[in-house]
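Structure assessment
Below, each chain spelled out in residue letters.
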Amino acid sequence: KTVRWIDFRALSACFWQGKEEEAASRLLDFLRGGASDDEAWMALREFKGKFSEELFWKHEELAFLAAQVLFGNRDYAEAAEKLAAFCGKFPDSRDAEEAHFLLGRALFLEKRLDEARAAFDAVTESKDYRLRAFYWISMILERQDKFKEAVETLAMAAEAAGKKDG
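This section reports on the structure supplied with the text. Fair warning: this is a prediction, and the values are worked out from it, not measured in the lab.

**Concerning the overall build of the protein**
- The helix and strand tally for the protein stands at ten helices and zero strands.
- Scored against the burial criterion, the 166 residues of the protein give a buried share of 42%.
- Here the contacts in the protein between residues at least 6 apart in sequence split such that 52% fall between residues at least 24 apart.
- Accessible surface computed for the protein: about 9,600 Å², of which carbon and sulfur atoms make up 50%.

This is the structure in structure tokens:
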């Protein structure tokens, strides 16, 4: 823990000395270096909004982590904005599927159901998010009073799950 605290202080010092690029690099090292979830969230909350937008979007991993923090803090509107931007800017990212899925959840929670549906549709072919995407799509359909389609969507998910296991 002491080492992480020292790393965090060094990161903070770089930032306050105007060494924004080095601070961003140290923040990523801190987050990758085994920081607990609480430490990661604290670090991202501390420095989000203090980096220039240009530098922020230059670091794909930092951009995604910050969007996750917004979602975790229940700031769904801003999380949706950042996740949509992330999906547009980094479509081939290793985090793209998770970003689409989180975007769908943020939009759903903001009651922007048609946009949420589009985000979930983007991951219906994903082996990691397929079943969860179908679940959330069924929830959207249910909220839109499309009960028959919601049941059909859940049936497709169950069939896909059966094929996967069989």
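**What to know about helix α9 (residues 130-143)**
- The terminal C-alpha atoms of α9 lie 20 Å apart, and with 14 residues this matches the ideal 20 Å at 1.5 Å per residue to within 8%.
- Those residues of α9 that sit buried are A133, F134, W136, I137, S138, I140 and L141.
- Once α9 finishes, D145 follows within two positions and takes phi at roughly 60 degrees, a positive value.

**Observations regarding the packing of helix α5 (residues 60-72) against helix α7 (residues 96-109)**
- Taken N-terminus to C-terminus, the directions of α5 and α7 make an angle of 30 degrees; their axes are 11 Å apart at the nearest point. Our classification of the angle between α5 and α7 gives roughly parallel. Handedness of the α5/α7 crossing: left-handed. Contacts from F64, Q68 and F71 in α5 reach E98, A99, L102, R105, A106 and L109 in α7.
- Here the contact of α5 with α7 is built from residues that sort into six nonpolar, one polar and two charged.

**Side note on unusual backbone geometry**
- Here K111, not a glycine, exhibits a phi torsion of approximately 65 degrees, which is positive.
- Assignment of secondary structure puts K111 in the loop between α7 and α8 (113-121).
- Even without being glycine, D145 reaches a positive phi, approximately 60 degrees.
- As for its placement among the helices and strands, D145 is situated in the loop between α9 and α10 (147-165).
- Using a relative accessible area of 56% as the deciding quantity, one classes D145 as exposed.

**Some thoughts on the packing of aromatic side chains**
- Across all of its chains, the model carries eight aromatic pairs by this definition.
- An aromatic cluster of three or more residues is present, and its members are F101, F108, F120, Y129, Y135 and W136.
- The cationic tip of R132 hangs over the ring face of F101; the distance from NZ or CZ to the ring centre is 5.3 Å.

**Comments concerning α7**
- For α7, with 14 residues, the first-to-last C-alpha span of 20 Å sits near the 20 Å given by 1.5 Å per residue.
- Those residues of α7 lying buried are A96, A99, F101, L102, L103, G104, A106, L107 and F108.
- Residues of α7 that are buried make contact with α5, α6 (76-89), α8 and α9.
- Just beyond α7, the residue with positive phi is K111, at close to 65 degrees.

**Structural notes on the pattern of salt bridges**
- Throughout the structure, instances matching the rule amount to six salt bridges.
- A salt bridge links E152 to K148, with the shortest nitrogen-to-oxygen separation between them at 3.9 Å. Of the two residues, E152 and K148 are both situated in helix α10; the distance of four residues between them amounts to about one turn of the helix.

**Describing the packing of α7 against α9**
- Taken N-terminus to C-terminus, the directions of α7 and α9 make an angle of 20 degrees; their axes are 11 Å apart at the nearest point. The angle between α7 and α9 falls in the class roughly parallel. Viewed along their axes, α7 and α9 form a crossing whose handedness is left-handed. Here F101, R105 and F108 of α7 come into contact with α9, specifically with R132, A133, W136, M139, I140 and R143.
- For the contact of α7 with α9, the residue count by class is six nonpolar, no polar and three charged.

Thresholds applied
Residues numbered from 1 in each chain as written. Predicted model: local features only at pLDDT ≥ 70, side-chain atom pairs only at ≥ 80, totals over all residues. Heavy atoms only, no water. Helix = DSSP H or I, 4+ residues; strand = E, 2+ residues; numbered from the N terminus. Buried < 20%, exposed > 50% of the residue type's maximum accessible area, 1.4 Å probe, protein only. Contact = heavy atoms within 4.5 Å. Areas by Shrake-Rupley, 256 points an atom, 1.4 Å probe, with all protein chains shown as cover. Expected span 1.5 Å × (residues − 1). Axes fitted to C-alpha atoms, helices over the stretch in contact; angles between N-to-C directions. Parallel < 35°, antiparallel > 145°, perpendicular 65-115°, else oblique. Left-handed = near helix turned anticlockwise from the far one by under 90°. Nonpolar A, V, L, I, M, F, W, Y, C, P; charged D, E, K, R; others polar. Phe/Tyr/Trp six-rings, centres within 6.5 Å; stacked < 30°, edge-to-face > 60°. Lys NZ or Arg CZ within 6 Å of the ring centre and 35° of its normal. Salt bridge = Lys/Arg side-chain N within 4 Å of Asp/Glu carboxyl O.

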